[in-house]
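# Coordinates in review
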Amino acid sequence: MNVIPTAIADVLVLEPKVFGDERGFFFESYNDKVFQQVVGIDPHFVQDNHSFSRQGVLRGLHYQIQHPQGKLVRAARGEIFDVAVDLRRNSPSFGQWVGYVLNDHNKRQLWIPAGFAHGFAVLSPEAEVLYKATDYYAPTYDRTLLWNDQAIGIDWPLATPPLLSPKDQRGLPLAEAEVFDFSGPPLS
Ligand SMILES: Cc1cn([C@H]2C[C@H](O)[C@@H](COP(=O)(O)OP(=O)(O)O[C@H]3O[C@@H](C)C(=O)[C@@H](O)[C@H]3O)O2)c(=O)[nH]c1=O
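Residues numbered from 1 in each chain as written. Predicted model: local features only at pLDDT ≥ 70, side-chain atom pairs only at ≥ 80, totals over all residues.

The cut-off we apply is this: UniProt positions are given in the numbering used here, feature names are shortened, and annotations may be inferred rather than shown by experiment.
Looking at an unreviewed UniProt entry, the protein carries the name dTDP-4-dehydrorhamnose 3,5-epimerase, with the source organism given as Synechocystis salina LEGE 00031. Of the comments in the UniProt record for the protein, the one headed Sequence similarities (unreviewed entry) reads "Belongs to the dTDP-4-dehydrorhamnose 3,5-epimerase family." The heading Function (unreviewed entry) in the UniProt record of the protein holds the text "Catalyzes the epimerization of the C3' and C5'positions of dTDP-6-deoxy-D-xylo-4-hexulose, forming dTDP-6-deoxy-L-lyxo-4-hexulose."

## A short note on the overall build of the protein
Defined as follows: Numbering of helices and strands starts at the N terminus; helices are DSSP runs of H or I of at least 4 residues and strands are runs of E of at least 2. What the globule rule says is 2.2 Å times the number of residues to the power 0.38, and the radius of gyration is computed from C-alpha atoms. Burial is judged by counting the other C-beta atoms within 10 Å of a residue's own C-beta: 20 or more makes it buried, 12 or fewer makes it exposed, and any count in between marks it as partly exposed, with every C-beta position built from the backbone. Residues are treated as contacting if the C-beta atoms built from their backbones sit within 7 Å of each other.
When its secondary structure is counted, the protein shows 2 helices and 13 strands. For 188 residues, the compact-globule formula gives about 16 Å, and the C-alpha radius of gyration of the protein, at 16 Å, lands near that figure. Dimensions of the protein along its principal axes, counting C-alpha atoms only, are 55 × 40 × 30 Å. Sorting the 188 residues of the protein into buried and exposed places 38% on the buried side. Of the contacts formed within the protein by residues at least 6 apart in sequence, a portion of 82% connects residues at least 24 apart.

## Regarding the pairing of strand 6 (residues 58–64)
In summary, the side chains of a regular strand alternate between the two faces of the sheet. This is how the line gets drawn: Strand pairing follows a simple DSSP-based rule, namely that at least 2 bridges must link the two strands.
The element strand 6 is largely enclosed, with a buried count of 5 among its 7 residues. Pairing of strand 6 with strand 11 (residues 116–122) involves 3 bridges; the strand directions are antiparallel. Bridged to histidine 62 within strand 11 is histidine 118. Taken together, the 3 bridges between strand 6 and strand 13 (residues 142–144) define a ladder with antiparallel strand orientation.

## Comments concerning the sheet that holds strand 11
Two pairing modes exist for strands in a sheet, parallel and antiparallel, and in both the strands are linked by backbone hydrogen bonds. Note the cut-off: To define axes, lines are fitted to C-alpha atoms, for helices over the stretch in contact only, and angles between the resulting N-to-C directions are given on a 0 to 180 degree scale.
Spatially, 9-8-11-6-13 is the arrangement adopted by the 5 strands of the open sheet, whose pairing is antiparallel. For this open sheet the edge positions go to strand 9 (97–103) and strand 13, each flanked by a neighbour on one side alone. On average, each strand axis in the sheet is tilted by 25° relative to the strand beside it, whichever way the strands run.

## A short note on the sheet that holds strand 7 (residues 71–77)
In spatial order, the strands read 1-2-10-7-12-5; together these 6 strands make up an open sheet with antiparallel pairing. Two strands lie at the open edges of the sheet, namely strand 1 (2–5) and strand 5 (47–54), each paired on one side alone. This sheet shows a mean twist of 25° between the axes of neighbouring strands, independent of strand direction. Bridging between strand 7 and strand 10 (residues 109–112) involves 4 bridges; their strand directions are antiparallel. When the bridges of strand 10 are listed, lysine 71 appears paired with isoleucine 112.

## What about the site of the ligand?
As a reminder of what qualifies: For each residue, a C-beta atom is placed from the backbone, and the residue is labelled near a molecule or strand when this atom is within 6 Å of it. Under this grouping Gly is polar, as are all residues other than the nonpolar Ala, Val, Leu, Ile, Met, Phe, Trp, Tyr, Cys and Pro and the charged Asp, Glu, Lys and Arg.
The immediate surroundings of the ligand are formed by Asn49, Ser51, Arg59, Gly60, His62, Lys71, His118, Gly119, Phe120, Tyr137, Ser165 and Lys167. Of the residues assigned to the shell around the ligand, the class counts are 2 nonpolar, 7 polar and 3 charged.

## Thoughts on the pairing of strand 12 (residues 126–133)
Bridge count between strand 5 and strand 12: 8 bridges; the pairing is antiparallel. By the bridge assignment, aspartate 48 is partnered in strand 12 with lysine 132. Note that strand 7 and strand 12 share 6 bridges and pair antiparallel. Within the sheet, the bridge partner assigned to arginine 77 lies in strand 12 and is glutamate 128.

## Some words on the confidence of the model for the protein
Low-pLDDT portions of the prediction should not be read for the details of their coordinates. Using the following cut-off: A residue's pLDDT is simply how confident the predictor is in it, with values from 0 to 100.
Per-chain confidence: the protein averages 96 in pLDDT, with 97% of residues scoring 70 or above. Here the predicted complex scores 0.97 on pTM and 0.98 on ipTM.

## Considerations on the environment of leucine 174
In this structure, leucine 174 sits in the segment after helix 2 (166–169). Residue leucine 174 is classed as partly exposed on the basis of its C-beta count, with 18 C-beta atoms lying within 10 Å. Placed 27 residues apart in sequence, leucine 174 and tryptophan 147 show a C-alpha to C-alpha distance of 9.9 Å.

Below is the structure:
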């Protein structure tokens, strides 16, 4: 497992070791012991999610203001630009974002602890995204941060306007969004 730090200390890119042979490939997409060693926390993942989207779809930026979820994200098919925005009010990186290309070739995973908004744009004709979450879906507390808020300034690699859900079209800019009152250490 190769661990790549990002500009936001608590967000990490994880690169699993892939074993290729004439049959194809094998890799451990999650190993609890290794995760604890490289990330330094003991997560309790309780939900696995799987979504399919077509090119140009953008999902996000989502967070739960109570029962915040840490997420371990990967693209099992296709390619996405995956983004985390720090919403921990007292964090030195509050309001900052990081974004990485995750695809079925690089097999990179993005670890996003609780306290962040998360979203992704689909760069390939189709993409299937799998992610683990450390808390359950809690629709009452589900919030959407506006994907193109100028104050955040995410540089989405999109040639045309994205396809958004009605909920995501109504996302709030950072200045109006509810944010988290903790700054860290990261909650899993
Ligand atoms: C997220 C979620 C949705 N749903 C249902 C509610 C709704 O009817 C349908 C579609 O929900 P959404 O439109 O919120 O799906 P989506 O836009 O894919 O939401 C997801 O986006 C990415 C970026 C995330 O980070 C996730 O945490 C989640 O918020 O699925 C669940 O049953 N469980 C869940 O955990």
